[in-house]
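# Descriptive structure summary
The lines below spell out each chain.
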Amino acid sequence: MNRSVYLDHNASTPVHPEVLQAMLPYFSERFGNPSSVHGFGREAREGLETAREQIAGFLRVSKDEIVFTSGGTESDNLGIKGIAAARRSGHIVTSQIEHHAVLRTCEMLETQGFTVTYLPVDECGMVRPEDLERAIRPDTILVSLMHANSEVGTLQPMSEIGRITRGHGVPLHVDAVQTFGKVAIDVDAFGIDLLSFSGHKIYGPKGVAGLYIRKGTKMAAVQHGGDHERRRRAGTENVAGLVGFGKAVEVRGREMAGEAVRLTGLRDRLWEGIRARVDEVRLNGHPTLRLPGTCNMCFRSVESESIVLGLDLKGIATSAGSACTSGSVEPSYVLVAMGLPLDWAMGSVRCSLGRSTTAEDIDYVVDSVVPLAAKLRALSPVKA
Amino acid sequence: MEYSAALLDHFRNPRNAGMMREPDGIGEGEYEQCMDLARFYLRVRDGRVEEARFQAYGCGPTLAACSAGTEVAAGATLEELAEIREARIEEAVGGLPAERRHAAVVVARALQAAARNAMTRRDAH
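The structure displayed is predicted, hence computed values, not measured ones.

Okay, the overall build of chain A next. Per the secondary structure count, chain A includes 12 helices and 15 strands. Radius of gyration (C-alpha) of chain A: 21 Å, near the 21 Å computed for a compact globule of 384 residues. C-alpha atoms of chain A, sized along the principal axes, occupy 65 × 55 × 40 Å. Burial statistics for chain A: of 384 residues in total, 51% are counted as buried.

Time to look at the overall build of chain B. Looking only at helices and strands, one finds five helices and three strands in chain B. Counting from the amino terminus, chain B carries its helices and strands in the arrangement α-β-β-β-α-α-α-α. Radius of gyration (C-alpha) of chain B: 13 Å, near the 14 Å computed for a compact globule of 125 residues. Counted over contacts in chain B with a minimum sequence separation of 6, partners at least 24 positions apart contribute 64%.

Residue and element names in this part refer to chain B. Viewed as axis vectors pointing N to C, helix 1 (residues 5-12) and helix 2 (residues 60-73) meet at an angle of 85°, and their least axial separation amounts to 8 Å. Judged on the interaxial angle alone, helix 2 and helix 1 are roughly perpendicular. Taking contact as the criterion, the partners of Leu7, His10 and Phe11 in helix 1 are, on helix 2, Gly60, Pro61, Leu63, Ala64, Ser67 and Ala68. In terms of residue class, the contact of helix 1 with helix 2 is made up of six nonpolar, three polar and no charged.

Opposite the 17 residues of chain A that make contact, chain B presents 22 residues. Here the side of chain A that touches chain B takes three residues from helix 9 (residues 304-312) of chain A, the largest share from any one element. Counted by class, the side of chain A that touches chain B contains nine nonpolar, six polar and two charged residues.

With that out of the way, let us pick up helix 2 of chain B. Residue and element names in this part refer to chain B. Helix length check: helix 2, at 14 residues, gives a terminal C-alpha distance of 20 Å against a target of 20 Å (1.5 Å per residue), a fit within 8%. Most of helix 2 sits inside the fold, with 13 of its 14 residues counted as buried. A positive phi of about 95° marks Gly75, the residue just after helix 2.

Strands in a sheet are paired, the pairing made by backbone hydrogen bonds, and the direction either parallel or antiparallel. All names here are of chain A. The seven strands are arranged 2-8-7-6-5-3-4 in an open sheet whose pairing can be described as mixed. Strands with a single pairing partner mark the edges of an open sheet, and in this sheet they are strand 2 (66-69) and strand 4 (115-119). Strand-to-strand twist across the sheet, computed as the mean angle between neighbouring axes with direction ignored, equals 20°. As defined by bridge partners, strand 3 (residues 91-95) adjoins strand 4 across five bridges and the pair is classed as parallel. The residue of strand 4 that forms the bridge with Thr94 is Tyr118.

Let us look at the pairing of strand 3 (residues 48-57) of chain B. Residue and element names in this part refer to chain B. Among the 10 residues in strand 3, seven count as buried, and that is most of the element. Note that strand 2 (residues 36-45) and strand 3 share nine bridges and pair antiparallel. Bridge pairing links Arg45 to Arg48 in strand 3.

To continue, consider the nonpolar core. One finds Val107 and Leu111 of chain B to be the most contacted residues of the largest nonpolar core, which totals 148 residues. Each residue touching Leu111 of chain B, except ones within four places of it in the same chain, is listed here: Gly27, Phe40, Gly69, Ala73, Leu81 and Ile84 of chain B.

Attention now moves to the environment of Gly41 of chain A. All names here are of chain A. Along the chain, Gly41 falls in helix 2 (residues 39-59). For Gly41 and Leu335, which are 294 residues apart along the polypeptide, the C-alpha to C-alpha distance reads 48 Å. For Gly41, the residues in contact, after removing those within four places along its chain, are Gly32, Asn33, Pro34, Ser35 and Ser36.

All names here are of chain A. Pairing is antiparallel in the open sheet, where four strands are placed in the order 9-10-15-12. Because the sheet does not close on itself, it has two edges, and the strands there are strand 9 (281-284) and strand 12 (319-320). Relative to strand 10 (residues 294-299), strand 9 is paired through four bridges, and the arrangement is antiparallel. Within strand 10, the residue paired with Asn284 across the bridge is Asn296.

Although it is not a glycine, Arg231 of chain A adopts a positive phi angle of roughly 65°. Tracing the backbone through its elements, the reader meets Arg231 of chain A in helix 7 (residues 228-231). The exposure class assigned to Arg231 of chain A is partly exposed, which follows from the 13 C-beta atoms found within 10 Å. The backbone of Glu22 of chain B shows a phi angle near 45°, a positive value even though the residue is not glycine. Within the element layout of this structure, Glu22 of chain B appears in the loop between helix 1 and strand 1 (25-31).

Quick look at the environment of Met19 of chain B now. Residue and element names in this part refer to chain B. On the secondary structure map, Met19 appears in the loop between helix 1 and strand 1. On the basis of neighbour counts, which here come to 12 C-beta atoms within 10 Å, the residue Met19 falls in the exposed class. Once the C-alpha coordinates of Met19 and Tyr41 are considered, the two residues, 22 residues apart in sequence, prove to be 6.9 Å apart. Residue contacts for Met19: discarding those within four places in its chain leaves Tyr41, Arg53 and Gln55.

Next up on the list: the packing of helix 2 of chain B against helix 5 (residues 102-124) of chain B. Two packed helices can be described by the angle between their axes and the distance between those axes. Residues and elements named next belong to chain B. Between helix 2 and helix 5, the shortest axis-to-axis distance is 9 Å and the interhelical angle comes to 40°. Relative to helix 5, the element helix 2 lies oblique. In this structure, helix 2 crosses over helix 5, and the sense of that crossing is right-handed. Residues Pro61, Thr62, Ala65, Cys66, Gly69 and Ala73 of helix 2 touch helix 5, and the partners they reach there are Ala103, Ala104, Val106, Val107 and Leu111. Its residues assigned to classes, the contact of helix 2 with helix 5 comprises nine nonpolar, two polar and no charged.

Our focus in this paragraph is the confidence of the model for chain B. Summing up the model confidence of chain B, the mean pLDDT is 94 and the portion of residues at 70 or higher is 100%. Predicted complex metrics record ipTM = 0.84 and pTM = 0.92.

Here we come to helix 8 (residues 239-277) of chain A. Between its first and last C-alpha atoms helix 8 of chain A spans 49 Å; for 39 residues at 1.5 Å apiece the expected length is 57 Å, and the helix comes up short by more than 12%. Largest kink in helix 8 of chain A: about 55°, centred on Glu255 of chain A.

Conventions adopted
- Residues numbered from 1 in each chain as written.
- Chains lettered and ligands numbered in written order.
- Predicted model: local features only at pLDDT ≥ 70, side-chain atom pairs only at ≥ 80, totals over all residues.
- Helix = DSSP H or I, 4+ residues; strand = E, 2+ residues; numbered from the N terminus.
- Rg over C-alpha atoms; globule rule 2.2 N^0.38 Å.
- Buried ≥ 20, exposed ≤ 12 C-beta atoms within 10 Å, placed from the backbone.
- Contact = placed C-beta atoms within 7 Å.
- Axes fitted to C-alpha atoms, helices over the stretch in contact; angles between N-to-C directions.
- Parallel < 35°, antiparallel > 145°, perpendicular 65-115°, else oblique.
- Nonpolar A, V, L, I, M, F, W, Y, C, P; charged D, E, K, R; others polar.
- Expected span 1.5 Å × (residues − 1).
- Pairing = 2+ DSSP bridges.
- Core = buried A, V, L, I, M, F, W, Y, C linked by C-beta atoms within 7 Å.
- Left-handed = near helix turned anticlockwise from the far one by under 90°.
- pLDDT = per-residue confidence, 0-100.
- Bend = angle between axes of the 7 residues up to and from the residue.

Spelled out as structure tokens, the structure:
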């Protein structure tokens, strides 16, 4: 009987039992519309505002600076398009390894006359502050950089980035979907004006997220309708989901620091275990400055999806770096931007650990990867 | 991604994997868009494939289709194998998701190339 080992926490996480319990009443007896004036509405509004307070408290910001959205993608869209709409023209700086929610939003804005600089990254996946400094122009209206990349987990040098954007008086948007609730974020010390964060990466439900907007940031709404979220995001809030999000953040406040230490140990145990027993593997991302639970590895001359399928058949859920979509290969654009040769980049596998991961799980994964890599390499006409 | 039981079985336990010494025919098939590569080796007796072996680089479905391809090839005449269709390979792995049909393409191409190579060698004697 195979174990069942979920190592895809950067994709999504299971809802924490305390989160589920907090949410349940808001599907039934506390179902009101938080914009309604009657008692049912007030009850829902109370749940919503408690969640806002929990999240604002966690980030040490004012609750008026938190706007709820439907997901990290919407938060990124609102942050970037909101600034663009308020400024109407100008230059945006981002990086080549951002999430598609940022990259494609920037590409869309280019079609509307905005100009965009896509900063390169070094071999660890880190933006060089000097590149950012050079890229900022008099007409730069926004810098949008992620806190950590979901594939490789490298943490960006946020303090330096924030110092540069503040020095130039340019708003800084940070996609923190992968770091919020996993590592400390200090919006003041990092000089962050807009911060995207999401619920389902931290044991909250899917479909809820938020955007921190620093007071005084000049931006426009991009979705129009009612006066929800202080006219910054129209649409009835997902009350039950957001109540769960608030609870998830409260739980992270208790667990985050301890779990970061534990996951870092397990992450390193995984990599060391594989490196010791498999030839021609490499770790992607920064060796130390990266998300506690993220371990992205390349197996040379083996194709990502065959490893992921082989592990899946052993009950282990991981994620392929290269995606074979409609018969055409998509090597990870993140790894390509980091300068990995194609024969390495095609064999990347991401393991992202979480609350449920144990040392026994990690040892089982190592014991499964070793023969699988050997078997796939034995089949391969492409020699390492 | 939903895969058939036959495909998963071929992936788990690939048949006839590895190279062959002094084969009567060798052929490769590539699917450039995804860099998958299949190589087949054929042992031929009296105009029919006695044994086929493979090496492959690619996703799970491609590896499984190679394994199934060796079983499809065994017993076929070279002329039949030179005309083998992708549909025959797809059938042998119990079907393929639309996004993974390239697995049958790369295997059919490689088997056709191996059969043609064996025919060329045979005709040269």
